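Structure assessment
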Amino acid sequence: MIPALRNLESIHGLALIGNYLPRACGIATFTTDLAEAISAEAPDLECWAVVMNDVPEGYRYPPKVRFEINQNRIADYHLAAGFLNMNQIDVVCLQHEYGIFGGPLGSHILELARDLRMPLVTTLHTVLEEPTARQKEVIEELGRISDRLIVMSRRSIEFLRSIYGIPEEKIRHVHHGIPDLPFVDPNFYKDQFGVEGRTVLLTFGLLSPNKGIEHMIRALPTVLEKRPDVVYVVLGATHPHVKRLHGEEYRLGLLRLAKELGVDAHVIFHNRFVDSEELCEFLGAADIYITPYIGRAQTVSGTLAYALGAGKAVVSTPYWYAEEMLAEGRGRLVPFRDPQALAAEVTDLVANEVERHAMRKRAYTFCREMVWKEVARRYLEVFAEAKAERVRNPRPVARKQETERLVEQLPEIKLDHLRTLTDDTGILQHAIFAAPNRAHGYCTDDNARALMVAMMAQDAMADDGDLQTLIAIYLSFLHHAFDEASGRFRNFLSYERRWKEEQGSEDCHGRAVWALGVAVSVASKDWQIGCAMSLFERGIRQCAALRSPRALAFSLLGCHNYLKRFGGDSEARHTLEVIAQRLHRDLLANATPQWPWLEDSLTYVNAKIPHALLLGGQVLKEEAMVADGLRSLRWLIEVQTAPEGHFVPIGNRGWYPKGGAKARFDQQPIEAQAMVEACIEAHNATGEEGWMERARWAFDWFLGKNDLGVPLYDYSTGGCRDGLNPEGANQNQGAESTLAWLLALLGIHSHVGERALSAPGEPTAAIGR
């Protein structure tokens, strides 16, 4: 451990909030550079980012981005806070800039900040001297919530103290970070940009009218009279917000101005957002850096910091940050909107090589404490300080009450048999009639299903303290089943608590991920979310590599449910996307008009595959995927409809091979459960009431609308018989069958409750792409 950073031993997880590359903006570059610098300086610290999206589809972020927020959707900010709290992050570092957060003057970010339970360190990239009343309120509130505020100029400290009333002991000054570049002769880089033998003036950054570039172009005729070798390079794309509102009006105006003045051959525009490596090469080629900004109220400039750090001679207008940084002979200042003054200073520096290089050296030496390595260390010191203070002075966190759901009358939810089958290890697989059969022990498949039932029952039933014990047992089983070495779940555990296998089936893994996603989605208590979330994040890493279509479908359902609570989690959304597209490709590759299916046989839990396609198509906004999911589901219903009209699951005594005979028996309860859930999702996707009728059609199979006219559900025990044989119902009431009944019943309860409460057209969660 670096001596200055010993206090970091108490910090294991850090999250940065801001914009992130490849989004094209200065805050994105800063946040990305800061994250990389901190990771390099403290490699044992888990450091990742929560980012703002200004477009619905977001951006293709790197793995460090773990959660994405639609900047205009206030619900996303609350979800992000929950995501951070459940991940047990030690410190959050917020990058605050006007214009990147939603709400009046970016006030949505306050909702996130208020919900956080860990220390908050906020970097203020803009501090206004004359804020509006609402701008002032936002910074004052952010200052109250934050444990520390970081600013990049001394003037900002004075503004925060005198204008916003923020105690100075809360404020820390840390320089804007810069790359650690060598001090080189500009001629080294010029040939690669076609400007060898010329004197290069450079301005870079996102273009907008406040940059004042037109004043430097107006200064060029005077400069060229004495130095005809000068070329002015303007590097950077138009700012996305400016482009969205005004197109390329500003850039085109600059081009016209250069042509009118006859200097267009001496002005080179590079209309693109460059990465750090290329930017450093451009800086290396520059003889003089120009910042002709037209407004004084700028307390930080990343472009100026980069230029000084590269050892450039600088001519600038006297905005606040420039005054501070260019003091003591580190640059030249000229009045605002004064082309002649710009021309005079540029001409003098070009002619006076000794002074220019002395200025470069002063700037370069001053900026050594601004390189990212040193800035990262300073940030880490502030984080450790904030964490230590919070430990000494913990803050209470207000808790929000959950809204109760309303449900219509349905068959009674009875968990008696679930409790009978469950001991302190987990739920036993099999039963002898209604008595637990210990001979076959336990399995992860059933404990995953049991976890879903117990979690969903919290909403559907009156308060039941026993449910909390059941949830803890099933979660504990899944944690014990997870093998860290392989990243997979084991499945079969003997009654003597010995694993019977090194690795479970792919379906077992997918079903466990599905259950954990449901647990995160519907959990009512923080411990439930934290326990399920930590295991979900480990289990999901193997999902995209699974081969079984059903395992993939189960995994997709897990991701989708998880994203209902944490819709900005990039890894979960990427996994969902990969799985959905793979299932869809496999369907298209194998399907025919007569057999619209991805395999050459119908086997078990068939409806889960169209269910997954429906969810994936909705999240990815791929209408073809939704349409193909509906087509497969309609066909599956047709295949499983008896001539008399009731539901007939594919029997597991031979299944249904393409071109072969369809097995009528043994019919399994999990088929009815899968069909109920798929039809509910088809209703969600289409709004067609016929799909709910089909859900009830499949559900009624449990109640006696089947081939033999006998009920599978046992009203006396709350259990479900193990299947329908030619001779009648299998009288054993094992875990899989009972859980299939309860999941089907709870699914209908849940759907009815959501329909009763949801406002038309109002999103209920941040789902992502």
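Residues numbered from 1 in each chain as written. Predicted model: local features only at pLDDT ≥ 70, side-chain atom pairs only at ≥ 80, totals over all residues. Heavy atoms only, no water.

1. Thoughts on the overall build of the protein chain
Counting secondary structure elements, the protein chain contains 27 helices and 22 strands. Overall size of the protein chain, expressed as C-alpha extent along the three principal axes, is 105 × 60 × 50 Å. Going through the 769 residues of the protein chain one by one, you find that 60% of them count as buried. Within the protein chain, residue pairs in contact and separated by at least 24 positions form 70% of the contacts whose partners lie at least 6 positions apart. When the accessible area of the protein chain is evaluated, it comes to approximately 30,600 Å², of which 50% is carbon and sulfur surface. (Helix = DSSP H or I, 4+ residues; strand = E, 2+ residues; numbered from the N terminus. Buried < 20%, exposed > 50% of the residue type's maximum accessible area, 1.4 Å probe, protein only. Contact = heavy atoms within 4.5 Å. Areas by Shrake-Rupley, 256 points an atom, 1.4 Å probe, with all protein chains shown as cover.)

2. Quick look at the packing of helix 3 (residues 108-115) against helix 4 (residues 133-145)
Closest axis-to-axis distance for the helix 3/helix 4 pair is 10 Å, and the angle between their directions is 15°. Classified by the angle their axes make, helix 3 and helix 4 are roughly parallel. Of the two possible hands of crossing, helix 3 and helix 4 adopt the one that is left-handed. Residues Leu110, Ala113 and Arg114 of helix 3 touch helix 4, and the partners they reach there are Val138, Glu141, Leu142 and Ile145. Here the residues of the contact of helix 3 with helix 4 sort into five nonpolar, no polar and two charged. (Axes fitted to C-alpha atoms, helices over the stretch in contact; angles between N-to-C directions. Parallel < 35°, antiparallel > 145°, perpendicular 65-115°, else oblique. Left-handed = near helix turned anticlockwise from the far one by under 90°. Nonpolar A, V, L, I, M, F, W, Y, C, P; charged D, E, K, R; others polar.)

3. Side note on the side chain of Thr347
By the element assignment, Thr347 lies in helix 13 (residues 339-351). There is a polar contact of 2.7 Å between the side chain of Thr347 and the backbone oxygen of Ala343. Residues in contact with Thr347, not counting those within four places in the same chain, are Val223 and Lys226. (Polar contact = N/O pair within 3.5 Å; in protein donor to acceptor, adjacent residues only side chain to side chain.)

4. Description of the environment of Arg541
Within the secondary structure, Arg541 sits in the loop between helix 20 (526-539) and helix 21 (549-565). By relative accessible area, which is 57% here, Arg541 ends up exposed. Separated by 30 residues in the primary sequence, Arg541 and Glu571 have C-alpha atoms spaced 8.6 Å apart. Separated by 3.3 Å, the side chain of Arg541 and the backbone oxygen of Glu537 make a polar contact.

5. Examining the confidence of the model for the protein chain
Low-confidence regions, as indicated by low pLDDT, have predicted coordinates that should not be scrutinised in detail. Per-residue confidence for the protein chain gives a mean pLDDT of 90, with 94% of residues at or over 70. For the stretch residues 397-409, pLDDT sits under 50, and the model shows 21 contacts to residues farther than four places along the chain or on other chains. Note that residues 753-769 has pLDDT below 50 and, in this model, 39 contacts with residues that lie over four places away or in other chains. (pLDDT = per-residue confidence, 0-100.)

6. Details of the pairing of strand 15 (residues 435-443)
In the sheet, strand 14 (residues 428-432) pairs with strand 15 via four bridges, with the strands oriented antiparallel. Bridging across to strand 15, Ala431 finds its partner in Pro436. For strand 15 and strand 18 (residues 492-493), the ladder comprises two bridges, and the chain directions are antiparallel. Note on strand 18: the bridge partner recorded for Tyr442 is Leu493. (Pairing = 2+ DSSP bridges.)

7. Structural notes on unusual backbone geometry
Omega for the bond connecting Leu21 with Pro22 falls within 30 degrees of zero, at 20°, which places this linkage in the cis form. Summarising the element assignment, Pro22 is placed in the loop between strand 1 (13-18) and helix 1 (26-41). Cis geometry marks the peptide bond from Phe665 to Asp666, where omega comes out at -5°. Mapping Asp666 onto the fold places it in the loop between strand 20 (656-657) and helix 25 (669-686). A positive phi is found at Val605, a non-glycine position, where the angle reads about 45°.

8. Digging into helix 7 (residues 213-226)
Given a rise of 1.5 Å per residue, 14 residues ought to cover 20 Å, and the 21 Å separating the end C-alpha atoms of helix 7 matches this to within 8%. Leu220 marks the point of greatest bend in helix 7, at about 35°, and the proline Pro221 comes within the next four residues. Taken together, the buried residues of helix 7 touch strand 8 (199-204), strand 9 (230-235), helix 9 (249-260), strand 10 (267-270), strand 11 (288-291) and helix 13. (Expected span 1.5 Å × (residues − 1). Bend = angle between axes of the 7 residues up to and from the residue.)

9. Some points on the sheet that holds strand 13 (residues 332-333)
Read across the open sheet, the six strands follow the order 10-9-8-11-12-13; overall the sheet is parallel. Each edge of the open sheet carries a strand with a single partner, namely strand 10 and strand 13. Both strand 11 and strand 12 (residues 313-316) contribute to a ladder of four bridges, which runs parallel. Its bridge partner being in strand 12, Thr291 is matched across the sheet by Ser316. Across the sheet, helix 10 (residues 276-285) is in contact with strand 8, strand 9, strand 10 and strand 11; its angle to strand 8 comes to roughly 140°.

10. Considerations on the pattern of salt bridges
On inspection of all chains with the given rule, the structure shows 49 salt bridges. For Arg227, the salt bridge identified is with Asp229, shortest N-O distance 3.1 Å. Assessed through its relative accessible area of 27%, Arg227 is described here as partly exposed. Residue Asp229 is classed as partly exposed on the basis of its relative accessible area, which comes to 21%. Between Asp700 and Lys705 there is a salt bridge whose closest N-O contact spans 3.7 Å. Taken together, the shared-partner salt bridges in this structure form one network comprising Glu111, Arg114, Glu141 and Arg144. (Salt bridge = Lys/Arg side-chain N within 4 Å of Asp/Glu carboxyl O.)

11. Some remarks on the packing of helix 23 (residues 608-620) against helix 24 (residues 623-639)
Relative to each other, helix 23 and helix 24 sit at 160°, their axes nearing to 8 Å. Relative to helix 24, the element helix 23 is oriented roughly antiparallel. The handedness of the crossing between helix 23 and helix 24 is left-handed. For the pair helix 23 and helix 24, contact is made by Pro610, Leu613, Leu614, Gly616, Gly617, Gln618 and Leu620 and by Met625, Val626, Gly629, Leu630, Ser632, Leu633 and Leu636, respectively.

12. Observations concerning the nonpolar core
Leu84, Leu112, Leu160, Leu418, Leu451, Phe489 and Met675 are the most contacted members of the largest nonpolar core, which has 166 residues in total. Excluding anything up to four places from it in sequence, Met675 contacts Ala607, Leu633, Leu636, Ile637, Gln640, Phe647, Trp697 and Ala698. Counting residues in each nonpolar core, the second largest holds 70 residues, with Val91, Tyr189, Leu279 and Ala384 among its members. (Core = buried A, V, L, I, M, F, W, Y, C linked by side-chain atoms within 4.5 Å.)

13. Looking at the packing of aromatic side chains
In the structure shown here, the tally under the stated rule is 32 aromatic pairs. When the centroid spacing of 4.8 Å and the interplanar angle of 25° are considered together, the rings of Tyr293 and Tyr319 count as stacked. With Tyr293 in the loop between strand 11 and helix 11 (302-309) and Tyr319 in the loop between strand 12 and helix 12 (320-325), this residue pair connects regions lying 26 residues apart in the sequence. Under the relative-accessibility criterion, Tyr293 is labelled buried at 4%. Judged by centre distance (4.1 Å) and plane angle (20°), the rings of Tyr713 and Trp741 are stacked. Remark: Trp741 occurs in helix 27 (residues 735-757) and Tyr713 occurs in the loop between helix 26 (689-699) and strand 21 (724-725); sequence separation between them is 28 residues. Since its relative accessible area comes to 3%, Tyr713 is described here as buried. Residue Trp741 is classed as buried on the basis of its relative accessible area, which comes to 0%. These aromatic residues form a ring-pair network of at least three members: Trp48, Phe67, Phe83, Phe536, Tyr562 and Phe566. Sitting above the plane of the Tyr604 ring, Arg550 keeps its charged end 4.9 Å from the centroid. (Phe/Tyr/Trp six-rings, centres within 6.5 Å; stacked < 30°, edge-to-face > 60°. Lys NZ or Arg CZ within 6 Å of the ring centre and 35° of its normal.)

14. Some remarks on the environment of Ser555
Positionally, Ser555 belongs in helix 21. Classification of Ser555 as buried rests on a relative accessible area of 0%. Considered as a pair, Ser555 and Gly510 are 45 residues apart in the sequence and their alpha carbons are 4.6 Å apart. Not counting chain neighbours up to four residues away, the residues in contact with Ser555 comprise Gly510, Val513, Cys543, Leu546 and Ile579.

15. With respect to the sheet that holds strand 18
With antiparallel pairing, the three strands of this open sheet are ordered in space as 14-15-18. Strands with a single pairing partner mark the edges of an open sheet, and in this sheet they are strand 14 and strand 18.

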